[in-house]
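Analysis of the macromolecular model
Chain by chain, the residues run as shown.
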Amino acid sequence: MKQGVYVRFTIILLIVGFMIAVQYNTVQKPESRDTRDMWEIRQELTVEKELHSELLSKIRDVNQTITKYENLQSESPAQALNETLDMLRTNAGLTEVTGPGLELTIEPSLEGQALGQEVTSISPDLLVQLLNEINRFNGHDVSIDGKRIIHSSPIRDINGKTTVNSLIVRTPPFLIQIGTETFEDAEILYNHLKSSMIADDFFIDNLTLTIEEPKDLIRVPAFDQNIKNTYLKNASKGD
Amino acid sequence: MWLPLLGLILGISLGLLTDIQIPSVYENYLSIAVLAALDTLFGGIRAQLQQIYDDKVFVSGFFFNIALAAGLAFLGVHLGVDLYLAAIFAFGVRLFQNIAMIRRIILTKWTDRKGTID
């Protein structure tokens, strides 16, 4: 009898202890408070909205492809596949792109020339920074000194020479071509680059970054090497 | 004697180690359930000391009180009346009464024993 009472008390106390501990946890560690002010929330909302519209346009593209497939299924599946393949090749940067865009010229600075300083090649870090600025504002297709940038293009220093796609970039002056989707995008990119601090960074390296006015027709060359695929493999038939 | 204490320690460490948190909306319910559980517990201890302890009354009282308290709080939230205050008041008063009773019984037992030894 006595033993049974103890067991019951033990079980009840176990439950009570558990409840108290859970309550303690809840009171001691409240969910982190939201301390963002109105402005930060608005900015985050803007970012999310942009993402939303981007996703919507992507969904529309994919839906168009699906419709195309469905329409062509009876007629010519090969053609639809070829069109998709072409589109993928364009996105990957394997084709030459002509369209609106702008050109940047990188030259040795006049001050450097006047002082007789040696013209050195541009540093990879500076190029990467410039590319990031361009990418931030929808510069889709970029070629540096005729070398097309694709998703896996390396920009690095090889034996003291700056290279893009393992090809040496000439010492300035050289051209950077940027292709955008629309002329408006090109204008936005132009204004952004004009207002950004990137030109100052070039000046520190004794270089001048000249941003030309947006043009209706820019030719960005294709990526002319093989893309190395280390991890992707052909799917076997039936998969 | 030590078995119930072990249960309490085990329960607390289980709760702390699993790091379970409940949404703050339900915090009220849990606090009132804890109060109800404590009330029943002390009621049980008092009954045991007075030798009127009954298993069925104790166990059923434990779960019924918790459910009633939580239900009252729930009803209060939906009616817009702070009914959980009624539960807190009732359980609080009973808790104090029970503890006072336990204290008296233990004191009486202690003085009795002291008297017999002397």
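You'll find the structure just up there.
Residues numbered from 1 in each chain as written. Chains lettered and ligands numbered in written order. Predicted model: local features only at pLDDT ≥ 70, side-chain atom pairs only at ≥ 80, totals over all residues.

**Some thoughts on the overall build of chain A**
When its secondary structure is counted, chain A shows seven helices and nine strands. In chain A, once contacts between residues fewer than 6 apart in sequence are set aside, the share between residues at least 24 apart is 81%. (Helix = DSSP H or I, 4+ residues; strand = E, 2+ residues; numbered from the N terminus. Contact = placed C-beta atoms within 7 Å.)

**Regarding the overall build of chain B**
For chain B, the count of helices and strands is four helices and zero strands. Order of helices (α) and strands (β) in chain B, N terminus to C terminus: α-α-α-α. Looking at the 118 residues of chain B, the share that counts as buried comes to 25%. Residue pairs at least 24 apart in sequence account for 67% of intrachain contacts in chain B once pairs closer than 6 positions are excluded. (Buried ≥ 20, exposed ≤ 12 C-beta atoms within 10 Å, placed from the backbone.)

**Let's talk about the pairing of strand 5 (residues 161-164) of chain A**
All names here are of chain A. Of the two faces of strand 5, the one holding Thr162 and Val164 is buried and the one holding Lys161 and Thr163 is not buried anywhere. Where strand 4 (residues 155-158) meets strand 5, four bridges bridge the pair, whose relative direction is antiparallel. Looking across to strand 5, one finds that aspartate 157 is bridged to threonine 162. What sits between the antiparallel neighbours strand 4 and strand 5 is a turn of two residues, in which asparagine 159 has the positive phi angle 50°. For strand 5 and strand 6 (residues 167-168), the ladder comprises two bridges, and the chain directions are antiparallel. Considered in strand 6, the bridge of threonine 163 is made with isoleucine 168. Hairpin geometry of strand 5 and strand 6 is characterised by an intervening segment of two residues between the two adjacent antiparallel strands and by a positive phi of about 55° at asparagine 165. (Pairing = 2+ DSSP bridges.)

**Things to note about the interface of chain B and chain A**
Opposite the 31 residues of chain B that make contact, chain A presents 22 residues. For the side of chain B that touches chain A, the secondary-structure elements that each account for two or more residues are helix 1 (2-18), helix 2 (27-50) and helix 3 (55-79) of chain B. Among the elements that take part in the side of chain B that touches chain A, helix 1 of chain B stands out by supplying 11 residues, more than any other.

**Describing the nonpolar core**
Core analysis: the largest hydrophobic core is formed by 30 residues, its most contacted members being Val16(A), Met19(A), Ile32(B), Ala33(B), Ala36(B), Ala37(B) and Ala69(B). Listed by contribution, the elements that provide at least two residues to this core are helix 1 (2-28) of chain A together with helix 1, helix 2, helix 3 and helix 4 (84-117) of chain B. The biggest single contributor to this core is helix 1 of chain A, with 11 residues. Residues within four places of Ala69(B) in sequence aside, it is in contact with Ile32(B), Ala33(B), Leu35(B), Ala36(B), Ala87(B) and Phe91(B). If you look at the next biggest cluster of nonpolar residues, it comprises 27 residues, including Ile155(A), Val169(A), Ile178(A) and Leu209(A). (Core = buried A, V, L, I, M, F, W, Y, C linked by C-beta atoms within 7 Å.)

**Concerning the sheet that holds strand 5 of chain A**
Residues and elements named next belong to chain A. One open sheet holds the three strands; their spatial order is 4-5-6, and the pairing between them is antiparallel. Every interior strand has two partners, whereas the edge strands, strand 4 and strand 6, have only one. The strands that helix 5 (residues 124-136) touches are strand 4 and strand 5; relative to strand 4, the one it contacts most, it runs at about 175°. (Axes fitted to C-alpha atoms, helices over the stretch in contact; angles between N-to-C directions.)

**Focus: helix 6 (residues 183-195) of chain A**
All names here are of chain A. Compared with the 18 Å implied by 1.5 Å per residue over 13 residues, the 18 Å span of helix 6 between its first and last C-alpha is a close match. Every buried residue belonging to helix 6 is among Asp185, Ala186, Leu189, Tyr190 and Leu193, and all of these are buried. The arc that holds every buried residue of helix 6, seen down its axis, measures 140°, which confines them to one face. Along helix 6, exposed side chains directed more than 90 degrees from the buried face belong to Glu184, Lys194 and Ser195. Buried residues along helix 6 sit in contact with strand 1 (97-108), helix 5, strand 7 (174-179), helix 7 (198-204) and strand 8 (207-211). (Expected span 1.5 Å × (residues − 1). Arc of directions from axis to C-beta.)

**Structural notes on unusual backbone geometry**
Residue and element names in this part refer to chain A. Cis geometry marks the peptide bond from proline 172 to proline 173; its omega dihedral reads 5°. Located in the positive-phi region is asparagine 165, a residue other than glycine, with phi close to 55°. Within the secondary structure layout, asparagine 165 lies in the loop between strand 5 and strand 6. The exposure class assigned to asparagine 165 is partly exposed, which follows from the 18 C-beta atoms found within 10 Å.

**Quick look at the environment of Tyr26(B)**
Residues and elements named next belong to chain B. In this structure, tyrosine 26 sits in the loop between helix 1 and helix 2. For tyrosine 26, a count of 14 C-beta atoms within 10 Å puts it in the partly exposed group. C-alpha of tyrosine 26 to C-alpha of alanine 70: the two residues are 44 residues apart in sequence and 9.7 Å apart in space.

**Digging into helix 2 (residues 38-72) of chain A**
In this model helix 2 of chain A runs 51 Å from its N-terminal to its C-terminal C-alpha over 35 residues, within 8% of the 51 Å that 1.5 Å per residue would give. The element helix 2 of chain A is largely exposed, with a buried count of zero among its 35 residues.

**Considering the pairing of strand 1 of chain A**
Residues and elements named next belong to chain A. Bridging between strand 1 and strand 9 (residues 215-220) involves four bridges; their strand directions are antiparallel. Bridge assignment links valine 97 to a residue of strand 9, and that residue is valine 220. Sheet analysis places strand 1 next to strand 7, joined by six bridges and oriented antiparallel. Bridged to leucine 102 within strand 7 is isoleucine 178. Relative to strand 8, strand 1 runs antiparallel, the two sharing five bridges.

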